Amino acid sequence: MEKKELHKLTDEELLLEKKKHYKSKIFNAIAIGFLAGILIYGVFSWIQTPDKKLGFLIPMLIPLFFIYRMLKNSNKHNDLEKELKERGLK
């Protein structure tokens, strides 16, 4: 959502956007934890195998990519938080 659009919203609409943002933050935290668990399990299972082949790296890049994307997109609601702070709704 652009900053111009945030100025047009009422206080109630901004609070609804805040609730949506909070739910997405919770989902991202759970998903990142799940993907990190998959990554850790994969690394430890690779360590315990007698054949240490580097082919395991290809499937381990998938959780790393998704973790990176979620962390990169976590800052997209900074404008919403600034607008809430300006209006004193936080």
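By convention here, each chain's residues receive numbers from 1 onward along its written sequence. Where totals are concerned, whole chains, interfaces and linings use all residues; where local detail is concerned, this predicted model gives features only for residues with pLDDT of at least 70, and gives and counts side-chain atom pairs only at 80 or more. Excluding hydrogens and water, the side-chain figures rest on all heavy atoms present in the structure.

- As recorded in an unreviewed UniProt entry, the chain goes by the name FUSC family protein, listed as coming from Maribacter flavus.

Section: the packing of aromatic side chains
- Paired rings are identified among Phe, Tyr and Trp, the last through its six-membered ring, by centres lying within 6.5 Å, and are further divided according to the angle between planes into stacked (under 30 degrees), edge-to-face (over 60) and tilted (the rest). Enumeration according to the criterion identifies one aromatic pair in this entry.
- Lysine and arginine charges are scored as sitting over a ring when NZ or CZ, respectively, is within 6 Å of the ring centre and within 35 degrees of the ring normal. Its end group placed over the ring of Trp46, Lys52 keeps NZ or CZ at 6.0 Å from the ring centre.

Here we look at helix H2 (residues 11-48)
- The end-to-end C-alpha separation of H2 is 55 Å, in line with the 56 Å expected for 38 residues at 1.5 Å each.
- Relative accessibility thresholds used throughout: buried, under 20% of the residue-type maximum; exposed, over 50%; partly exposed, between the two (1.4 Å probe, protein chains only). A run of H or I in DSSP counts as a helix once it spans at least four residues, and a run of E counts as a strand once it spans at least two, with each numbered from the N terminus. Taken together, the buried positions of H2 are occupied by Leu14, His21, Ala31, Leu35, Leu39 and Gly42. Expected span of a helix: the number of residues minus one, times 1.5 Å.

Comments concerning the packing of H2 against helix H3 (residues 57-73)
- Running from N to C, H2 and H3 point in directions that differ by 155°, and their axes come no closer than 9 Å. For the element pair H2 / H3, the angle class is roughly antiparallel. As H2 packs across H3, the resulting crossing turns out to be left-handed. Contacts from Asn28, Ala31, Ile32, Leu35, Ala36, Ile38, Leu39 and Gly42 of H2 reach H3 at Met60, Pro63, Leu64, Phe66, Ile67, Met70 and Leu71.
- In terms of residue class, the contact of H2 with H3 is built from 13 nonpolar, two polar and no charged. An axis is simply a line fitted to the C-alpha atoms; with a helix, the fit covers only the stretch in contact. Between two such axes, the angle follows the N-to-C directions and lies from 0 to 180 degrees. Comment on the angle field: the value is read as roughly parallel under 35 degrees, roughly antiparallel over 145, roughly perpendicular from 65 to 115, and oblique elsewhere. Note: crossing handedness is left-handed where the near helix turns anticlockwise from the far helix by less than a right angle, and right-handed where it turns clockwise. Every residue pair with non-hydrogen atoms within 4.5 Å of one another is taken to be in contact. Three classes are used: nonpolar for Ala, Val, Leu, Ile, Met, Phe, Trp, Tyr, Cys and Pro, charged for Asp, Glu, Lys and Arg, and polar for all others, with Gly counted as polar.

Things to note about the UniProt feature "transmembrane region" (unreviewed entry) in the chain
- UniProt positions are given in the numbering used here, feature names are shortened, and annotations may be inferred rather than shown by experiment. The sites that UniProt annotates as "transmembrane region" (unreviewed entry) are residues 26-48 and 54-71.
- With 83% helix and 0% strand, residues 54-71 has its two end C-alpha atoms placed 26 Å apart.

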